[in-house]
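One-letter residues, chain by chain:
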Amino acid sequence: MTPSRSRRSLLLALGAVAVAPLAGCGFQLRGPRPLAFSSIHVGVSAQSEFGAALRRRIRTSGTTEIVDDPSKAEAKLEILRNQPEREILTLTGAGKVREYELRHVLTFRLIDRAGNERIRPTTISAKREYTYDDSQVLAKEQEEALLYRDMQGDLVDQLMRRLAAVKP
């Protein structure tokens, strides 16, 4: 047996030993979590990027139907604030912008059919920083748009985790 072949065999054996405990502990990849209500009215436009992403995630939960009429919904998700923000973080010595901080703030609440708040008004946020360069304006605009989409995805994930935590 050559040294490289025995080394490969040893690495494979060590890999199998490292993975074996995961198989017995019940480890599973995170998938969609079912929601505690059968229907929900989502108080954000389906035409917005955020509204479309949120509706997609609710549909993939598998247990909840999105309804357009709030009176037919078992739960109503009200978006009280959905605001992207941009703030100058640092300036150069010449007074030009060097870095921006992007924030996306979302405040929501969940109300059941009887009008009880299942989730009181809650604010979640995401934040990113990026460097800015006047000589690459178009590229930096695209980077900013990509960062906002990424933050939006994070907010949808956070919101879905909070919705899934609601007890029936």
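Quick summary incoming for the structure in this document. This one's a predicted model, so the numbers in the text were calculated from it and none came from an experiment.

What counts and how
- Residues numbered from 1 in each chain as written.
- Predicted model: local features only at pLDDT ≥ 70, side-chain atom pairs only at ≥ 80, totals over all residues.
- Heavy atoms only, no water.
- Pairing = 2+ DSSP bridges.
- Helix = DSSP H or I, 4+ residues; strand = E, 2+ residues; numbered from the N terminus.
- Contact = heavy atoms within 4.5 Å.
- Axes fitted to C-alpha atoms, helices over the stretch in contact; angles between N-to-C directions.
- Expected span 1.5 Å × (residues − 1).
- Buried < 20%, exposed > 50% of the residue type's maximum accessible area, 1.4 Å probe, protein only.
- Phe/Tyr/Trp six-rings, centres within 6.5 Å; stacked < 30°, edge-to-face > 60°.
- Salt bridge = Lys/Arg side-chain N within 4 Å of Asp/Glu carboxyl O.
- Core = buried A, V, L, I, M, F, W, Y, C linked by side-chain atoms within 4.5 Å.
- Parallel < 35°, antiparallel > 145°, perpendicular 65-115°, else oblique.
- Left-handed = near helix turned anticlockwise from the far one by under 90°.
- Nonpolar A, V, L, I, M, F, W, Y, C, P; charged D, E, K, R; others polar.
- Polar contact = N/O pair within 3.5 Å; in protein donor to acceptor, adjacent residues only side chain to side chain.

## Details of the sheet that holds strand β1 (residues 39-43)
Okay, step 1: In space, the 5 strands of this open sheet follow the order β2-β1-β3-β4-β5, with mixed pairing throughout. Each edge of the sheet is formed by a strand with only one pairing partner; in this case those strands are β2 (65-66) and β5 (117-131).
Okay, step 2: Here helix α2 (residues 49-60) sits on the sheet and contacts β1, β2, β3 (75-91) and β4 (97-112); the angle it forms with β1, its principal contact strand, is near 170°.

## Some remarks on the environment of Val 44
Okay, step 1: With respect to the element layout, Val 44 can be found in the loop between β1 and α2.
Okay, step 2: Placed 34 residues apart in sequence, Val 44 and Glu 78 show a C-alpha to C-alpha distance of 7.6 Å.
Okay, step 3: With residues near it in sequence (within four places) discarded, Val 44 still touches Phe 50, Gly 51, Leu 54, Arg 55 and Ile 79.

## Digging into α2
Okay, step 1: Look at α2: 17 Å from first C-alpha to last across 12 residues, which is about the 16 Å you get at 1.5 Å a residue.
Okay, step 2: Among all positions in α2, only Phe 50, Gly 51, Ala 53, Leu 54, Arg 55 and Ile 58 are buried.
Okay, step 3: Buried residues along α2 sit in contact with β1, β2, β3, β4 and α3 (137-164).
Okay, step 4: Looking one or two residues beyond α2, the residue adopting positive phi is Gly 62, at roughly 85°.

## Topic: the packing of aromatic side chains
Okay, step 1: Counted under the stated rule, the structure contains 2 aromatic pairs.
Okay, step 2: Both rings, one in Tyr 100 and one in Tyr 132, keep their centres 5.5 Å apart while their planes meet at 80°; by these two values the pair is edge-to-face. Taken as a pair, Tyr 100 in strand β4 and Tyr 132 in the loop between β5 and α3 lie far apart in primary sequence, 32 residues in all.
Okay, step 3: Assessed through its relative accessible area of 10%, Tyr 100 is described here as buried.

## Here we look at the pattern of salt bridges
Side chains bearing opposite charge may pair, as long as their charged atoms lie close to each other.
Okay, step 1: One pass over the full model with this rule turns up 13 salt bridges.
Okay, step 2: We note a salt bridge from Arg 103 to Glu 87, for which the minimum N-O separation is 3.0 Å. Of this pair, Arg 103 sits in strand β4 while Glu 87 sits in strand β3, and the two are 16 residues apart along the sequence.
Okay, step 3: For Arg 103, a relative accessible area of 23% puts it in the partly exposed group.
Okay, step 4: A relative accessible area of 41% places Glu 87 in the partly exposed class.
Okay, step 5: As a salt-bridge pair, Arg 103 and Glu 101 come within 2.5 Å of each other at their nearest N and O atoms.

## A few points about the nonpolar core
Okay, step 1: If you look at the biggest cluster of nonpolar residues, it comprises 33 residues, and the most contacted ones within it are Ile 40, Phe 50, Leu 54, Leu 77, Leu 110, Leu 159 and Leu 163.
Okay, step 2: Going through the elements one at a time, β1, α2, β3, β4, β5 and α3 are the ones with two or more residues in this core.
Okay, step 3: The dominant element in this core, judged by the number of residues it contributes, is α3, at 9 residues.
Okay, step 4: Those residues in contact with Phe 50 that sit more than four places away from it in its chain are Val 44, Ile 79, Asn 82, Leu 106, Gln 152, Leu 155, Val 156 and Leu 159.

## Notes on the packing of α2 against α3
Okay, step 1: The interhelical angle for the contact between α2 and α3, taken along N-to-C directions, is 40°, at an axis separation of 10 Å. With respect to each other, α2 and α3 are oriented oblique. In terms of crossing hand, the pair formed by α2 and α3 is right-handed. Along the contact surface, α2 presents Glu 49, Phe 50, Ala 53, Leu 54, Arg 57 and Ile 58, while α3 presents Arg 149, Gln 152, Leu 155, Val 156, Asp 157, Leu 159 and Met 160.
Okay, step 2: Class assignment of the residues belonging to the contact of α2 with α3 gives a composition of 8 nonpolar, 1 polar and 4 charged.

## Quick notes on the side chain of Ser 39
Okay, step 1: Mapped onto the secondary structure, Ser 39 falls in strand β1.
Okay, step 2: Within polar-contact distance, the side chain of Ser 39 engages the backbone nitrogen of Glu 74 at 2.9 Å.

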